[in-house]
Structure formats: C-alpha cells, structure tokens
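An overview of the molecular structure
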Amino acid sequence: MSDAVLETRGLSKAFGALKATDEVSLDLRPGEIHALIGPNGAGKSTLIAQVSGALRPDRGSVRLEGRDVTARSVEARARAGLARTFQISALAMEDSVFENAALGALGASGRPWRFLRPVARDAALRDRAMAALERVGLQDAADTPVSALSHGQRRQLEVAVALTLQPRAFVMDEPMAGLGADGSRRMTGFLDGLRDEAPILLVEHDMDAVFALADRVSVLVSGRVIATGTVAEIRRDPAVQAAYLGDSA
Ligand SMILES: Nc1ncnc2c1ncn2[C@@H]1O[C@H](COP(=O)(O)OP(=O)(O)OP(=O)(O)O)[C@@H](O)[C@H]1O
C-alpha cells in the first residue's frame, strides 16, 4: 500500500473540448514539498480545485491518508485534514487577525460557523488559534484588523488559518504571489520548516522558491504531467526544457 498522504489517480476534467486536466496521477509523501509547475493555462488551478473538492472531476480519484475523499465537499476534506491556502485572499478583512484564526479553528472543530462568539471563551479553540498565530509570527498583531496588515502578513495569516485545521496535508496556491523579493525569501524560509508538520503540494510560479523548496517537482503541460522528479532531474529533462523551462533553466 502507498504511504502517500495525498494521492490523485487519473484526475480528468474537460471544459467542452478542452482537457484542462488529463489523467493526472501524483502523490504527496510525508515530510515533502511537492511543487506543481507549468505554463499559464496548463491546468494547475483546475487540478488544485479537484484536489480540494471545489471542482468535481469527470474521472479519477483523490485519496487522503488512504481514504477516498473524491465525493466529499471542500469542508469535509478540510475537516479530514486537507488545508488549502488560496491564490486570492479568503480572509475576512474587517475582522481581527485573531478572529480569522479562530474561525479556522472553529471550522476544524466541526461546529457551526455561527458560534463564533463562544470561540473567544472556548479555551481550546482560542489556544489553537493563538498557537497558529505564534507559529507564523503574528501573535503581536492578534487584535489588528486584517485590512491593516501588509500583503505579506496576510499571506502569513492564511497559513495560520490553515494551521488551525491541524492539517495532515497542505495545498498551497501561489503563496509567494505579490510578496516581493524579501517577502518571498521569508515565506520560503517559513515553508521550509512547515513541511515537517504536514507535507505541502505547492503550486508556484516563483522558480527560485520552487527550486529552493521542492523535494520533488511535477510539470504539468496541457493538462498532463510530463515529468515528476527532483529539481535536478526536472532541470535536465529534455521534455521539460522544451515545453516549459527553456534554456535558462
Ligand atoms: N471554468 C472554466 N471553463 C472553461 N475553461 C476553463 C475553466 N477553468 C479553466 N479553464 C481552462 O482550462 C485550462 C486550464 O486552466 P487553469 O486555470 O487550470 O490553468 P493554470 O495552469 O492554473 O493557469 P495559470 O498558471 O495561468 O493560473 C485553461 O485553458 C483555461 O482557460
């Protein structure tokens, strides 16, 4: 039996005649960062949407810790330990940093969202939210409204919200987007340490970050995985060079 934490088999999704993902099989192993790269329109977002449960595949399956979750909703997968961070912020801007983290903790508890107020009195949930904020270095900003955070801090908070789920696997959609060089370096350092907590399936356009972080890379072109391997293997793969990275890789 596979020891993969997260596994896709034959995931396929067509939009009309366009095969956005075509028989995609990949796995995420304990302790690793597995980067998914590919040119614009390759199908990365479509694949991530199927993994997280936002989009139903035409064919294929998703397994989390050996359990088939293909028919489960985004929320059910999150409760089962699949934490996704988004390319576009899903934070509640007017709420505080703590309230956003607490909402994540509440979601993980499986209790209805309308019970936010009691969260502040629920020591276990509060501790979980604060621990996640400390983990990303935002504990001093707990009372700050999200709208007052820098872009980089919002990215950190998104990871904290994901952490409150006590995830078994992370799925991250472009965590470096818009961070600038310094922010990217900081986030790279942070993700580097996070892989021990839970493995990360990482969609990222920032190749410096991918090459610095990835234990393995899968290259998606026109909906198909054309190669999976270490950074060194991917860089010298002729098909990858031809299709995506070019001579500069
Ligand atoms: N809802 C949709 N309806 C029709 N076509 C879609 C839909 N979503 C995606 N596509 C098409 O599927 C293909 C894959 O798109 P997708 O967004 O998954 O690629 P991507 O690799 O994430 O691209 P990018 O790097 O630009 O974000 C593209 O040709 C896109 O136009």
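Residues numbered from 1 in each chain as written. Predicted model: local features only at pLDDT ≥ 70, side-chain atom pairs only at ≥ 80, totals over all residues.

Considerations on the overall build of the protein chain
Helix and strand counts for the protein chain stand at ten helices and ten strands. The proportion of buried residues among the 249 residues of the protein chain is 42%. Across the protein chain, contacts joining residues at least 24 apart in sequence account for 65% of those joining residues at least 6 apart. (Helix = DSSP H or I, 4+ residues; strand = E, 2+ residues; numbered from the N terminus. Buried ≥ 20, exposed ≤ 12 C-beta atoms within 10 Å, placed from the backbone. Contact = placed C-beta atoms within 7 Å.)

So, the sheet that holds strand β5 (residues 67-68)
On the basis of which strands lie adjacent, the open sheet formed by four strands has the order β2-β1-β4-β5 and antiparallel pairing. Every interior strand has two partners, whereas the edge strands, β2 (18-28) and β5, have only one. Here strand β4 (residues 59-64) pairs with β5 via two bridges, running antiparallel. Counterpart to Arg63 in the pairing with β5 is Asp68. (Pairing = 2+ DSSP bridges.)

Quick look at the sheet that holds strand β8 (residues 200-203)
Within the open sheet, the six strands sit side by side as β6-β7-β8-β3-β9-β10. Their pairing is mixed. Looking at strand neighbours, the two that pair on one side only are β6 (82-85) and β10 (224-229), the edges of this open sheet. Averaged over neighbouring strand pairs, the angle between their axes works out to 15° when direction is ignored. (Axes fitted to C-alpha atoms, helices over the stretch in contact; angles between N-to-C directions.)

Some details on the site of the ligand
The full set of residues close to the ligand is Phe15, Leu18, Ala20, Gly38, Asn40, Gly41, Ala42, Gly43, Lys44, Ser45 and Thr46. Listing elements by their share of the shell around the ligand, those giving two or more residues are β2 and α1 (44-52). Per-element tally for the shell around the ligand: the top contributor is α1, with three residues. Within the shell around the ligand, the residues separate by chemical class into four nonpolar, six polar and one charged. (Near = placed C-beta within 6 Å. Nonpolar A, V, L, I, M, F, W, Y, C, P; charged D, E, K, R; others polar.)

Quick notes on the nonpolar core
Among the nonpolar cores identified, the biggest contains 64 residues, and Ala160, Ala169 and Leu201 are the most heavily contacted of them. In terms of residues, this core owes the most to one element, helix α6 (residues 151-163), which gives six residues. Each of domain 1 (1-81 + 167-249) and domain 2 (89-166) contributes no fewer than three residues to this core. The contacts of Ala169, once residues within four sequence positions are left out, are Val5, Leu6, Leu28, Leu64, Gly81, Leu82, Ala198, Pro199 and Leu201. (Core = buried A, V, L, I, M, F, W, Y, C linked by C-beta atoms within 7 Å. Domains from an automatic or database assignment.)

Structural notes on the pairing of β4
Alignment of strand β1 (residues 6-15) against β4, held across five bridges, turns out to be antiparallel. Across the sheet, Ser12 pairs through a bridge with Arg59, a residue of β4. Two successive antiparallel strands, β4 and β5, enclose a turn made up of two residues, where Glu65 displays a positive phi of approximately 45°.

A word on the packing of helix α5 (residues 123-136) against α6
It is the contact of α5 with α6, at a shortest axis distance of 8 Å, that shows an interaxial angle of 140°. The orientation of α5 with respect to α6, classified from their angle, is oblique. α5 and α6 meet at a crossing whose hand is right-handed. Mapping the contact onto sequence places Ala132, Leu133, Arg135 and Val136 in α5 and Gln156, Val159, Ala160 and Leu163 in α6. Tallied by class, the residues present in the contact of α5 with α6 amount to six nonpolar, one polar and one charged. (Parallel < 35°, antiparallel > 145°, perpendicular 65-115°, else oblique. Left-handed = near helix turned anticlockwise from the far one by under 90°.)

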